[in-house]
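Below, each chain spelled out in residue letters.
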Amino acid sequence: MRLPDSGETIVAISTPPGYGGIGVIRISGNRAFAVANELVSERRDFGEVKSHTIHHCYIKGSLRRTFTDEVLLAVFVAPNSYTGENVVEISAHGNPQILKQIVEMTINAGARQATPGEFTLRAFQNGRIDLLQAEAVADLIAAEGTAFQQAAVYQLSGRLSEYIGNLRNELVEIGALFEAYTDFPDEEIPRQEKSELLGKIDTITGKLSRLAESYRHGEVLRSGLQVPIVGPPNAGKSSLFNAILAEERAIVTEIPGTTRDTIAEKIDINGIVVRFVDTAGMRETDDHIEAAGVERSKREIEAAGLVVAVFDATKATVTEIREFLSKLTDRQVILVLNKIDLLTGFQIADLESELDATRPIVVSAKELKGIDNLLKRIGELIVTATATISSDNNVITNQRHHRAVLAALDSLTSVRQKLEQDESFELLAFDLHQSVEALEEILGKVTNDDLLAEIFSRFCIGK
Ligand SMILES: Nc1nc2c(ncn2[C@@H]2O[C@H](COP(=O)(O)OP(=O)(O)OP(=O)(O)O)[C@@H](O)[C@H]2O)c(=O)[nH]1
Ligand SMILES: [Mg+2]
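Quick summary incoming for the structure in this document.

**Side note on unusual backbone geometry**
What you tend to see is this: most non-glycine residues have negative phi, and most peptide bonds are trans.
No. 1: In this structure, the amide linkage connecting Ala78 to the following residue, Pro79, adopts the cis form with an omega of 5°.
No. 2: Take Pro79: it is sitting in the loop between β4 (67-76) and β5 (87-94).
No. 3: Despite not being glycine, His52 has its phi angle at roughly 60°, a positive value.
No. 4: Structurally, His52 is set in the loop between α1 (32-39) and β3 (53-60).

**Some details on the environment of Phe324**
No. 1: One can find Phe324 in helix α10 (residues 318-326).
No. 2: Residue Phe324 is classed as partly exposed on the basis of its C-beta count, with 18 C-beta atoms lying within 10 Å.
No. 3: Here the alpha-carbon distance between Phe324 and Met282, two residues 42 residues apart in the chain, equals 9.9 Å.

**Section: the site of ligand 1**
No. 1: Neighbouring ligand 1 are 23 residues; Gly236, Ser238, Thr259, Gly281 and Lys366 lie closest to it.
No. 2: Among the elements that take part in the shell around ligand 1, helix α8 (residues 237-245) stands out by supplying 3 residues, more than any other.
No. 3: Class assignment for the residues of the shell around ligand 1 results in 7 nonpolar, 11 polar and 5 charged.

**Some details on the nonpolar core**
No. 1: Ile27, Ala36, Val88, Leu240, Ile272, Ala309 and Val336 are the most contacted members of the largest nonpolar core, which totals 118 residues.
No. 2: Per-element tally for this core: the top contributor is helix α14 (residues 425-443), with 8 residues.
No. 3: Non-local contacts of Ile272, meaning those with residues more than four positions away in its chain, are made with Gly145, Ala147, Val220, Leu221, Gly224, Leu225 and Ile382.

**Things to note about the packing of helix α5 (residues 146-156) against helix α7 (residues 191-223)**
No. 1: Between α5 and α7, whose axes approach to 7 Å, the crossing angle comes to 115°. Relative to α7, the element α5 lies roughly perpendicular. For the crossing formed where α5 meets α7, the hand is left-handed. Between α5 and α7, the contacting residues are Ala147, Phe148 and Ala151 on the first element and Gly218, Leu221 and Arg222 on the second.
No. 2: Of the residues that constitute the contact of α5 with α7, the class distribution is 4 nonpolar, 1 polar and 1 charged.

Rules behind the numbers
Residues numbered from 1 in each chain as written. Chains lettered and ligands numbered in written order. Predicted model: local features only at pLDDT ≥ 70, side-chain atom pairs only at ≥ 80, totals over all residues. Helix = DSSP H or I, 4+ residues; strand = E, 2+ residues; numbered from the N terminus. Buried ≥ 20, exposed ≤ 12 C-beta atoms within 10 Å, placed from the backbone. Near = placed C-beta within 6 Å. Nonpolar A, V, L, I, M, F, W, Y, C, P; charged D, E, K, R; others polar. Core = buried A, V, L, I, M, F, W, Y, C linked by C-beta atoms within 7 Å. Contact = placed C-beta atoms within 7 Å. Axes fitted to C-alpha atoms, helices over the stretch in contact; angles between N-to-C directions. Parallel < 35°, antiparallel > 145°, perpendicular 65-115°, else oblique. Left-handed = near helix turned anticlockwise from the far one by under 90°.

In short, shape yes, function no, at least from these values alone.
Given below as C-alpha cells:
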C-alpha cells in the first residue's frame, strides 16, 4: 500500500455528515493560507496574521457580490498546529451543502481531498505525536464507555509512550554495557556485575509482563463485556432484561418459549460497556423456530465471559439449578432467583441457604426488587478484573501493542538465558536489539508504509 503524498495541501470536512450548529472544514499544508486567501470575499493575507487567531469572514459566492456563508476562520502557523503544518480551520454553518461548496472552492484553489486519518498521519510524520498516540486519537473518537475513553486520553497525552520509551531506554543502556564487554572478549565478566545485569533485566521483564497482562483488561475496556441472560423458559429472563434496562424492550408473556431471537442492549457499569443479551429459554423443543433460538442461546453462552443464569424461584429445584450451573464451570456465572414476590421471607431464606455456595441474588423482575444488587455484583466482578492492572494507568488496549510487548518479552527472556549461560555478548546484543525494536514498533520509531496505511485507513475522514 502507498501512503498519500505528504507534500500536497489537503482539505476535508471534519464534522460528521448532516445538519448541525456548525460544520468545520480543515485545511493543512504549505499552501493552506494561500488557499484560504482565495476563499474569502475580502482581500486578506492569512500568511501575515498571527498564529492561533480567529477571523470573521465571508466566503465568496458563485456570483459577484454574493456570499456562500459567513464564517469564523482560525489560523495555526506551523509547527504549532495539529498536523505540524500550516492549518486553517473554517467554522461554517452546519449545512452539508455549504460545507461541500467550500470544500469544492478549496480544491479549485489547489488543495486536495484528504484521505481518512490523513491529518493525524501528518501529525505523526511531522513528529507531533508518535504512532501509539495517533492510534489513541482514533480510539478516543470511537470510545464507548468512560473507562476506555480515559485510557485513550491517557495514551494521547503521551504518558504511556513515555513509560514504554523509558523501558526501551533502559534496554538500550544494557545494550551499551554489552557493547563495552564485547570490546574485551577475553575478560571474564565479574560475578557482581553479572548479577547486577540480571537484576536490571528482571526489573524490566517484570514491567513488561505487567504491561502484557494489562491487555486482558484493556480488551474489556475496548470491546466491553458480553453478558447473556440465560435459563429455563418462563424464568423471567426477558422481564429481568427489561428491568435492567429500565424499559419494556423485550416481549414478556406467560407462555414459555416467548423469546425466540436474541436481543442485545448496552449499559455502562463502572465505565465499562456491558452488553446484556436476552436469550431463548433452554429446553428441548419440536418447534423449529424455538429450537433455532435455543441454538443461539448456546452460542451466546459459548462466547461470553460472564453469564447471568435466571431461575423461577417458585418452580426451580436445587438439583435442576446445580445441574444447569455445572455446565457453565469454565466461566463466571451469577445465579439469579426470580419471582421472589410470590414467596414468603422464610421460603426465600431457605432457598438462599441451600444455594449459599453459589451466592444467589434474589430478585423480583416484576416488582423491580434486587436489580440493584445484581448490577452491583456485576460491577464488583468488573472491578476485580480491573484490579489486575497496575494503578499507574499503563494499560495496553491495542492488539498491535500487545503483540509487540510479548515479542519484546520473548527476546528479553532469551537475553537472560544466554547471559546466565555465559554466551557471547554479540549474541546477547542481537536478542536485546530485537527487544528494543519491538518496543520501538509500538511508538512507530520503526515502521513501514503498509502498517501506516493499514492503521490510518481505519480513521474517519477529516481527522
Ligand atoms: N410474579 C412474578 N412474575 C414474573 C416475574 N418475572 C417474570 N414474571 C412473569 O413470568 C412470565 C414469564 O416472563 P418472561 O420474562 O417472558 O420469561 P422468559 O424467561 O423470558 O421466558 P421465555 O422467553 O419464554 O424463555 C410472565 O408472565 C411474567 O410476567 C416476577 O418477578 N414476579
Ligand atoms: Mg423471554
